[in-house]
Amino acid sequence: MAVKKAPPVTLLWGEDAYLLREGALAILGETKATEVDAADWEGGELQGLATPSLFGESRALLVNDARSLRKETIEEIARYLEAPHPDATLVLSCLVAERGKVPPGLQKLVEPVGEVRKVDVARKELEPWLVARAKARELDLAIPGARALVETLGTGPGQLVAALEQLQDAFPAQRVGPREVAQQFRGLGEQKTWDLCDRAFGKDLPGAIRSLRAIEAGGDDPLMVLGGIAARLRDLLKVRSLPERMPPAQLAKEAG
């Protein structure tokens with residue numbers, strides 16, 4: 001079966017830096033790309049795409065933070081795309097704010113000759129996505145385990161993938177469910193994280209620093225601490241969305 005050739009230019013956009021990076025690497029495959037941040041563009045970076053390789057290798061250029069491309073840089077890319085090199089690949093990666101959209105100028109630039117693709121994982125697809133990722137790592141993660149992982153650490157794909165590595169090390173050749181997730185990511189460290197959040201959210205800076213130093217001294221897993229903070233923030237956002245005059249008992253019930 002013939003390998004599908006990448007278009008001369010692809011614009012990837014989305015809200016998660018990890019997924020954008022992963023999407024770009026998937027397009028590039030084994031091609032070793034030159035990489036540049038939009039803010040560091042000096043001019044002439046596209047010349048490498050048109051220069052034949054001494055060993056016949058494919059050429060590729062990955063531009064990060066394409067949202068920050070200057071007007072003159074966009075014009076330079078537009079001139080290149082009038083006659084792009086047939087064996088070269090240009091990938092523009094554009095991180096947008098939550099519920100943001102791809103910049104119209106970039107979309108207009110790419111659409112006639114390439115592909116504009118949003119890179120994301122919908123919330124309802126996150127647990128099956130995690131299970132598939134775990135399977136690829138030979139980790140037997142059950143759907144309830146994936147759900148527990150999301151509830152514990154949040155919805156950040158990069159953070160969740162890192163957690164899979166920890167679970168694989170902790171439970172090799174074992175089916176991982178909610179119990180194993182709780183065992184790995186909750187416990188004493190969670191209580192320390194709660195103490196840190198209580199002090200930080202209460203604007204007790206010295207107390208928060210002491211709690212943080214205690215966590216560092218105890219060698220607690222940074223990923224677990226970050227997940228605990230994210231969980232507390234989600235709880236606060238949930239409470240904030242409820243009516244202010246709601247009775248405390250009902251408030252606690254609605255907030256879970």
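For the structure itself, consult the block above.
A few points on the structure. None of these values were measured; they are calculated from a predicted model. (Residues numbered from 1 in each chain as written. Predicted model: local features only at pLDDT ≥ 70, side-chain atom pairs only at ≥ 80, totals over all residues. Heavy atoms only, no water.)

Before going further, it helps to examine the packing of helix α5 (residues 126–136) against helix α7 (residues 157–170). In the contact formed by α5 and α7, the axes pass within 10 Å of each other and the chain directions differ by 40°. It follows that α5 is oblique to α7 by the angle criterion. Every pair of crossing elements has a handedness; the one defined by α5 and α7 is right-handed. Mapping the contact onto sequence places Leu126, Trp129, Leu130, Arg133 and Ala134 in α5 and Pro157, Leu160, Val161 and Leu164 in α7. Taken together, the residues of the contact of α5 with α7 sort by class into eight nonpolar, no polar and one charged. (Axes fitted to C-alpha atoms, helices over the stretch in contact; angles between N-to-C directions. Helix = DSSP H or I, 4+ residues; strand = E, 2+ residues; numbered from the N terminus. Parallel < 35°, antiparallel > 145°, perpendicular 65-115°, else oblique. Left-handed = near helix turned anticlockwise from the far one by under 90°. Contact = heavy atoms within 4.5 Å. Nonpolar A, V, L, I, M, F, W, Y, C, P; charged D, E, K, R; others polar.)

Moving on to a negative patch on the surface. There is a patch of like negative charges on the surface, built from Asp37, Asp40, Glu42 and Asp65. Tracing the backbone shows Asp37 in strand β2 (residues 34–37). With relative accessibility at 38%, the residue Asp37 sits in the partly exposed group. (Patch = residues over 30% accessible without salt bridge, like charges linked within 9 Å, V, L, I, M, F, W, Y side chains within 5 Å. Areas by Shrake-Rupley, 256 points an atom, 1.4 Å probe, with all protein chains shown as cover. Salt bridge = Lys/Arg side-chain N within 4 Å of Asp/Glu carboxyl O. Lys, Arg positive; Asp, Glu negative; His and termini not counted. Charge placed at Lys NZ, Arg CZ, Asp CG, Glu CD. Buried < 20%, exposed > 50% of the residue type's maximum accessible area, 1.4 Å probe, protein only.)

A separate point is the sheet that holds strand β5 (residues 115–118). The five strands lie next to each other as β2-β3-β4-β1-β5, forming an open sheet whose pairing is parallel. The strands lining the two open edges of the sheet, one partner per strand, are β2 and β5. If you compare each strand with its neighbour and ignore which way they point, the axes differ by 15° on average. Where strand β1 (residues 9–14) and strand β4 (residues 88–95) come together, six bridges link them in parallel fashion. Across the sheet, Gly14 pairs through a bridge with Leu95, a residue of β4. (Pairing = 2+ DSSP bridges.)

With that settled, the discussion passes to the pairing of β4. Within β4, seven of the eight residues are buried, which leaves the element mostly enclosed by the surrounding structure. Examined bridge by bridge, strand β3 (residues 59–64) and β4 share five bridges and lie parallel to one another. Looking at the pairing, Arg59 lines up with Ala88 of β4. In the classification by handedness, the crossover that spans β3, the intervening helix α3 (residues 71–81) and the parallel β4 is right-handed. (Right-handed = clockwise from strand over helix to strand, strands pointing away.)

Once that is clear, we can look at helix α8 (residues 178–185). Among the residues of α8, those classed as buried are Glu180, Val181 and Phe185. Across the axial projection of α8, the buried residues extend over an arc of 110°, all falling on one side. Facing away from the buried surface of α8 by more than 90 degrees, the exposed residues are Arg179 and Gln183. (Arc of directions from axis to C-beta.)

With that settled, consider the packing of α7 against helix α11 (residues 222–240). Between two packed helices, both the angle of their axes relative to each other and the distance between the axes serve to describe the pair. As a packed pair, α7 and α11 sit with axes 11 Å apart at the nearest point and diverge in direction by 135°. Taken as axis vectors, α7 and α11 run oblique relative to one another. The handedness of the crossing between α7 and α11 comes out as left-handed. Contacts between α7 and α11 involve Gln159, Ala162, Ala163 and Gln166 from the former and Leu223, Leu226 and Gly227 from the latter. Among the residues forming the contact of α7 with α11, the class breakdown is four nonpolar, three polar and no charged.

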